[in-house]
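Breakdown of the fold
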Amino acid sequence: QVQLVESGGRLVQAGGSLRLSCAASGFTFRTYIMGWFRHAPGKDREFVASISWTGSITEYADSVKGRFTIPRDNAKNTLYLQMNSLKPEDTAVYYCAASGLTRFTLTSAKNYNYWGQGTQVTVSS
């Protein structure tokens with residue numbers, strides 16, 4: 001049974017940092033492209049970041065470039081999202097996702113097979 005379980009979301013002040021984790025099980029993690037998306041109230045779901053199988057290639061939304069990073073640990077079957085210099089507009093439910101497609105990175109949600117349940121990040125001003 002495939003599972004993606006996010007954790008680490010909480011209330012944080014603007015300018016602060018937060019690290020989200022996504023524990024994966026039930027599939028061969030090291031052969032899947034992984035991504036983070038977010039969904040804020042009143043907005044469409046938004047791509048945040050994606051990482052290739054080996055972690056050598058990453059892609060970021062312009063809105064988070066230079067502030068967020070998306071490392072992965074294939075030995076631990078875990079994906080991370082390191083978020084620095086947080087802004088109130090980063091407030092959203094953050095989801096991790098996995099794709100079995102043979103690409104390097106993927107920005108479209110429709111290309112992802114598996115999704116976690118989400119973790120809430122709230123950034124206060």
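Read on for a plain summary of the structure. (Residues numbered from 1 in each chain as written. Predicted model: local features only at pLDDT ≥ 70, side-chain atom pairs only at ≥ 80, totals over all residues. Heavy atoms only, no water.)

Side note on the pattern of salt bridges
Summed over all chains, the structure comprises 4 salt bridges. Lys65 is the salt-bridge partner of Asp62, the closest N and O atoms lying 3.1 Å from each other. With relative accessibility at 67%, the residue Asp62 sits in the exposed group. Between Asp90 and Arg67 there is a salt bridge, with the nearest N and O atoms lying 2.8 Å from each other. Here Arg67 lies in the loop between strand E6 (58-60) and strand E7 (68-69) and Asp90 lies in the loop between strand E9 (78-83) and strand E10 (92-99), a separation of 23 residues in the sequence. Exposure remark for Arg67: the relative accessible area of 11% places this residue in the buried category. A network of salt bridges, in which partner residues are shared, links Arg38, Glu46, Arg67 and Asp90. (Salt bridge = Lys/Arg side-chain N within 4 Å of Asp/Glu carboxyl O. Buried < 20%, exposed > 50% of the residue type's maximum accessible area, 1.4 Å probe, protein only. Helix = DSSP H or I, 4+ residues; strand = E, 2+ residues; numbered from the N terminus.)

A closer look at the packing of aromatic side chains
Following the criterion strictly, the structure yields 8 aromatic pairs and no others. Pairing Phe27 with Phe29 gives two aromatic rings, centres 6.4 Å apart and planes at 55°, and the pair type is tilted. Judged on exposure class, the residue Phe27 and its partner Phe29 are both buried. A ring pair is formed by Phe27 and Tyr114, whose centres lie 5.6 Å apart and whose planes are at 40°; its orientation type is tilted. Of this pair, Phe27 sits in the loop between strand E3 (18-25) and strand E4 (33-39) while Tyr114 is found in strand E11 (residues 114-115), placing the two residues 87 residues apart along the sequence. We classify Phe27 as buried; its relative accessible area is 13%. Here the aromatic residues Phe27, Phe29, Tyr32 and Tyr114 are joined through ring pairs into a cluster of three or more. Here the basic side chain of Arg45 rests over the ring of Trp115, its NZ or CZ set 4.5 Å away from the ring centre. Above the ring of Phe29, the side-chain terminus of Arg72 is found at 4.5 Å from the ring centroid. (Phe/Tyr/Trp six-rings, centres within 6.5 Å; stacked < 30°, edge-to-face > 60°. Lys NZ or Arg CZ within 6 Å of the ring centre and 35° of its normal.)

Topic: the nonpolar core
Soluble globular proteins tend to pack their nonpolar side chains together in the buried interior. Counting residues in hydrophobic clusters, the biggest one holds 37 residues, and the most contacted among them are Trp36, Leu79, Leu81, Met83 and Tyr94. For this core, the secondary structure elements donating two or more residues are E3, E4, strand E5 (46-51), E9, E10 and strand E12 (119-124). Looking at which element gives the most residues to this core, the answer is E10, with 5 residues. Setting aside residues up to four positions removed in sequence, Tyr94 forms contacts with Glu6, Leu20, Trp36, Phe37, Arg38, Val48, Phe68, Leu81, Met83, Gly118, Thr119 and Val121. (Core = buried A, V, L, I, M, F, W, Y, C linked by side-chain atoms within 4.5 Å. Contact = heavy atoms within 4.5 Å.)

Nothing here speaks to function; it is all geometry.
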